[in-house]
Amino acid sequence: MIQQLAMQSLGAGVGVFLGVLIGLGIRKRKGNTEGLLGGSVILTASAAAGLAMVVMMAMKHFTA
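Figured I'd write up the structure that's included with this text.

Here is what the cut-offs are and how they apply
Residues numbered from 1 in each chain as written. Predicted model: local features only at pLDDT ≥ 70, side-chain atom pairs only at ≥ 80, totals over all residues. Heavy atoms only, no water. Helix = DSSP H or I, 4+ residues; strand = E, 2+ residues; numbered from the N terminus. Buried < 20%, exposed > 50% of the residue type's maximum accessible area, 1.4 Å probe, protein only. Contact = heavy atoms within 4.5 Å. Areas by Shrake-Rupley, 256 points an atom, 1.4 Å probe, with all protein chains shown as cover. Expected span 1.5 Å × (residues − 1). Bend = angle between axes of the 7 residues up to and from the residue. Axes fitted to C-alpha atoms, helices over the stretch in contact; angles between N-to-C directions. Left-handed = near helix turned anticlockwise from the far one by under 90°. Nonpolar A, V, L, I, M, F, W, Y, C, P; charged D, E, K, R; others polar.

1. Some details on the overall build of the protein
(1) Moving on: On a plain count of helices and strands, the protein comes out with two helices and zero strands.
(2) Moving on: By principal-axis analysis of the C-alpha atoms, the protein measures approximately 45 × 15 × 15 Å.
(3) Moving on: Residue burial in the protein is summarised as follows: out of 64 residues, 19% are buried.
(4) Moving on: When contacts within the protein are restricted to residue pairs at least 6 apart in sequence, long-range pairs at least 24 apart make up 63% of them.
(5) Moving on: Per element, the accessible surface of the protein, about 4,500 Å² overall, is 69% carbon and sulfur.

Spelled out as structure tokens, the structure:
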């Protein structure tokens, strides 16, 4: 059941990861590193994607 929810929520996770990666990458190039986890764009984007997947999985579980 968890695997099925994860597969259904994968699109949201990938979308958030790419969006945050691009947005924060541009922001870091301009010199603004405030709000990054450990000063890393990849780490911050991964955390945001993981959170998005967990939220989407919970929404799918409780609304299905």
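From this point, the discussion proceeds with the structure in view.
2. Brief notes about helix α1 (residues 2-29)
(1) Moving on: Over its 28 residues, α1 extends 38 Å from the first C-alpha to the last, a length consistent with the 40 Å expected when each residue adds 1.5 Å.
(2) Moving on: Of all bends in α1, the biggest is about 45 degrees, found at serine 9.
(3) Moving on: Those residues of α1 lying buried are Leu5, Ser9, Gly13 and Leu24.
(4) Moving on: The inward-facing, buried residues of α1 abut α2 (41-63).
(5) Moving on: Positive backbone phi, approximately 100 degrees, marks glycine 31, located one or two places after α1.

3. Remarks on the packing of α1 against α2
(1) Moving on: Between α1 and α2, the shortest axis-to-axis distance is 7 Å and the interhelical angle comes to 145 degrees. Seen from above, α1 lies across α2 with right-handed handedness.
(2) Moving on: Residue classes in the contact of α1 with α2 are distributed as 19 nonpolar, seven polar and two charged.

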